[in-house]
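Descriptive structure summary
Residues per chain, in single letters:
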Amino acid sequence: MRRTSASLVAGALVAALAWASGPSTPAVALDPSVGVADLTQDINQILSDSRLTIARAGVVVKSAQTGEELYATDAGKLLTPASNTKLFTSAAAAETLGLDYRFPTTVLSTGRKAGSLLTGDLVLRGTGDPTMLAEDYDALASEVAEAGIKVVTGKLVADDTWFDSQRLGNDWSWDDETAYYAAPISALTASPDRDYDAGSVIVSVAADGDRVKVSTTPETDYLKIVNKATAGAETDVLIERQHGTRTVVITGTVADPYQEWVAVDDPTAYVSSLFRKSLAKHGVKVLGPTTAGAAPSGAKELAKHESMTLGELLVPFMKLSNNIHAEILTKAMGRQVSNQGTWSAGLKVSTDFAKTNGVQVINMRDGSGLSRRDGFSPGSIVQLLSAVRAKPWFSTWYESLPIAGNADRFTGGTLRSRMRGTPAENNVHAKTGSLTGVTSLSGYVTSADGEPLIFSIMLNQYLSASPKDIEDKIAVRLAQFSRSAAAGDTAGLRSAAGGATGDLECSWLKPAQC
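**Considering the overall build of the chain**
If you tally the helices and strands in the chain, you get 13 helices and 23 strands. Burial analysis of the chain (514 residues in total) assigns 58% to the buried set. Long-range pairs, those at least 24 residues apart, make up 71% of the contacts in the chain with a sequence separation of at least 6. Just so you have it, the chain exposes about 19600 Å², and 51% of that area is on carbon and sulfur atoms.

**Brief notes about the pairing of strand 3 (residues 104-109)**
With five of six residues buried, strand 3 is to be regarded as a mostly interior element. Of the pairings in the sheet, the one linking strand 3 to strand 18 (residues 300-306) comprises six bridges and is antiparallel in character. Bridge pairing in strand 18 links threonine 106 to lysine 304. Looking at chain direction, strand 3 and strand 6 (residues 122-125) are connected through four bridges and run antiparallel. Looking at the pairing, serine 109 lines up with leucine 122 of strand 6.

**Quick look at the sheet that holds strand 9 (residues 200-208)**
The antiparallel open sheet is built from three strands, whose spatial order is 10-9-15. A strand with exactly one partner marks an edge of an open sheet, and here the two such strands are strand 10 (211-217) and strand 15 (258-263). Strand-to-strand, the axes of this sheet are offset by a mean angle of 25°, without reference to chain direction. Note: strand 9 against strand 15, six bridges, orientation antiparallel. In the sheet register, valine 205 faces strand 15, and the bridge partner there is tyrosine 258.

**As for the side chain of threonine 342**
As for its position among the elements, threonine 342 is in the loop between helix 7 (323-338) and helix 8 (343-356). A polar contact is formed between the side chain of threonine 342 and the backbone nitrogen of alanine 345, at a distance of 3.0 Å. Look past the residues within four positions of threonine 342 in its chain and what remains in contact with it is Asp164, Thr330 and Lys331.

**So, the sheet that holds strand 5 (residues 117-119)**
Spatially, 4-5-7-16 is the arrangement adopted by the four strands of the open sheet, whose pairing is mixed. The sheet is open, and its two borders are formed by strand 4 (112-114) and strand 16 (285-286), each paired with just one other strand. Strand direction decides the pairing type here: strand 7 (residues 151-152) and strand 16, joined by two bridges, are parallel. Within the sheet, the bridge partner assigned to valine 152 lies in strand 16 and is valine 286.

**Thoughts on helix 5 (residues 267-281)**
Under the 1.5 Å per step criterion, the end-to-end length of helix 5 is 21 Å for 15 residues, consistent within 8% with the ideal 21 Å. Here helix 5 has its buried residues at Pro267, Thr268, Tyr270, Val271, Ser272, Leu274, Phe275, Ser278 and Leu279. Regarding helix 5, its N-cap is aspartate 266, as a side-chain oxygen of that residue lies 3.1 Å from the backbone nitrogen of threonine 268 further along. Among the residues trailing helix 5, glycine 283 stands out with phi positive, at a value near 80°.

**So, the environment of valine 151**
Relative to the assigned elements, valine 151 resides in strand 7. Sequence separation between valine 151 and glycine 283 is 132 residues; the distance between their C-alpha atoms is 8.4 Å. Valine 151 has contacts with Ser116, Leu117, Leu118, Lys285 and Leu287, leaving out every residue within four places of it along the chain.

**Comments concerning the nonpolar core**
Counting 62 residues, the largest nonpolar core has Leu87, Phe88, Leu97, Leu310, Val388, Trp397 and Tyr444 as its most contacted members. Contributing elements (two or more residues each) for this core: helix 3 (85-96), strand 15, helix 6 (310-319), helix 7, helix 8, helix 9 (378-387), helix 10 (394-400) and strand 23 (452-460). If sequence neighbours within four positions are ignored, valine 388 has contacts with Ala91, Phe353, Trp393, Phe394, Trp397 and Tyr444. With 37 residues, the next largest nonpolar core counts Val107, Val237, Tyr270 and Ala303 among its residues.

**Re the side chain of threonine 105**
Here threonine 105 is to be found in strand 3. Residue class for threonine 105 comes out buried when judged on its relative accessible area of 1%. Setting aside its immediate chain neighbours within four residues, threonine 105 contacts Leu124, Arg125, Gly126, Asp129, Met132, Tyr137, Leu140, Leu188, Ala303, Lys304 and His305.

**Some words on the packing of helix 4 (residues 134-146) against helix 5**
Helix-helix packing is characterised by the crossing angle of the two axes and by the distance between the axes. Between helix 4 and helix 5, the least distance of the axes is 8 Å, while the angle of their chain directions is 45°. One finds that helix 4 runs oblique with respect to helix 5. Considering only the axes of helix 4 and helix 5, their crossing is right-handed. Across the interface between the two elements, Ala134, Tyr137, Asp138, Leu140, Ala141 and Val144 from helix 4 touch Val271, Leu274, Phe275, Ser278, Leu279 and Lys281 from helix 5. Looking at the contact of helix 4 with helix 5 residue by residue, the classes come out as nine nonpolar, one polar and two charged.

**Focus: the environment of valine 107**
Within the fold, valine 107 resides in strand 3. Taking the C-alpha atoms as reference points, valine 107 and aspartate 159, separated by 52 residues in sequence, lie 9.7 Å from one another. Sequence-distant contacts of valine 107, defined by excluding residues within four places in its chain, comprise Leu122, Val123, Leu124, Leu140, Val144, Phe275, Lys300, Glu301, Leu302 and Ala303.

**Here's the deal with the pattern of salt bridges**
Between side chains of opposite charge, pairing is possible as soon as their charged atoms come close. Within this structure, the stated rule accounts for 23 salt bridges. Close ionic contact of aspartate 171 with arginine 365 constitutes a salt bridge, the shortest N to O distance being 2.7 Å. Of this pair, aspartate 171 sits in the loop between strand 8 (156-159) and strand 9 while arginine 365 sits in the loop between strand 19 (362-363) and strand 20 (375-376), placing them 194 residues apart in sequence. Given a relative accessible area of 21%, aspartate 171 falls into the partly exposed group. For lysine 348, the salt bridge is made with aspartate 352, and the minimal N-O distance between the two is 2.7 Å. Note that lysine 348 and aspartate 352 are positioned in helix 8 at a spacing of four residues, about one turn of the helix. When its relative accessible area of 33% is taken as the criterion, aspartate 352 is described as partly exposed. Within this structure, Asp49, Arg51, Asp469 and Lys473 form a network of salt bridges that share partners.

Parameters at a glance
- Residues numbered from 1 in each chain as written.
- Predicted model: local features only at pLDDT ≥ 70, side-chain atom pairs only at ≥ 80, totals over all residues.
- Heavy atoms only, no water.
- Helix = DSSP H or I, 4+ residues; strand = E, 2+ residues; numbered from the N terminus.
- Buried < 20%, exposed > 50% of the residue type's maximum accessible area, 1.4 Å probe, protein only.
- Contact = heavy atoms within 4.5 Å.
- Areas by Shrake-Rupley, 256 points an atom, 1.4 Å probe, with all protein chains shown as cover.
- Pairing = 2+ DSSP bridges.
- Axes fitted to C-alpha atoms, helices over the stretch in contact; angles between N-to-C directions.
- Polar contact = N/O pair within 3.5 Å; in protein donor to acceptor, adjacent residues only side chain to side chain.
- Expected span 1.5 Å × (residues − 1).
- Core = buried A, V, L, I, M, F, W, Y, C linked by side-chain atoms within 4.5 Å.
- Parallel < 35°, antiparallel > 145°, perpendicular 65-115°, else oblique.
- Left-handed = near helix turned anticlockwise from the far one by under 90°.
- Nonpolar A, V, L, I, M, F, W, Y, C, P; charged D, E, K, R; others polar.
- Salt bridge = Lys/Arg side-chain N within 4 Å of Asp/Glu carboxyl O.

If you want it as structure tokens, here you go:
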């Protein structure tokens, strides 16, 4: 995990402590001062952008200090949140699982060991750890070998029963099935990188003379590669897994190296292949086939790996807007609370948490926001953001949010190229959200007077270019807000937000753009 500099950490701690100063007081009447009136006028003008003429826009701004609503339009309307859904999932996970929560992955034996012979099965049992790498499964295999086992007479059993067998969200689009950001969810999974893109493999191509060379990260023969690409004067290549199969077809031309993150069809089977290969590498031969099933109650533990804590996982999860982390945590919450590792059980935990904290308008269909049937109001998002300030885990959670304009990938996250050179830089802590025709930005900003503000901006059903720059203009305006004075050249600040020209947030655009 990458770390920020000591100065950044110190500054972040001061900001987090300020934001964690306690819950807001009951709302008071709207301040009639020139500062608030000017803010209202400016946000209204920003929202008059022609791209929003036929779109839906909901915006709420609230003072965290007084509880006063400074601005609101369509505050109670149900809108599609995209990845703003992760605000609810991550907060519920911090409350329900705790920041010290870890995912264990274990290797168990079901038989007796006689010398180097294990009479019985070898069981690999997972609980959903999204940070497991091929090298971690290799380390587990090494532990089995170090225990003196060379031959397993029975089967290699993959136990993924901690979660149910439903791999994809009910409302997920069929054409996302092969995309890494919509990878199947399993209690046994593996990531190819330290972004922890669980359930996917990186497929790389490079020109090698007059042919195209293909490699994978991690190295695996689980995928069937059909290479139809040719070396050419430019790189115009498509790497795509065929729906419902392990077959990856590569077409087009390759001049420069290129890589694509591809979701596997079955994470459990994929992990089993990695683990069996590692066992063989360490001199452990399993005579039986690979099967799936639950470990018997009397199975003995041979090896164990534990993930980083949830507090640490929040960084790649929220900074990079990782969909798979959100869904795994949703099922983990269901398992924790009702002993059911299902979407329905986990979503009930998230919605119950939200309602307990005063949230009214909410419809959660998944944990990540990939479903277009997810629905929140901007007022509900602001209510959640207000309520969690009183939580003991708030400072850690707050620092996991992307920070505007901070170039460090694991600090700025999906906001690192936005609002640079403005008062919002290193000030706005907020969650981005993107789907086609949907963008959202919700979080916290400190005004020019040092007043902590909470905001939610939700823009839906636009048809032209992305209006993310509209979000940035509002956030920058909030950073300039003063109760005692006008912002000054508001036209100038509207042209200064910058950096939000793309249609989708960084997490959808691996690898080069991120």
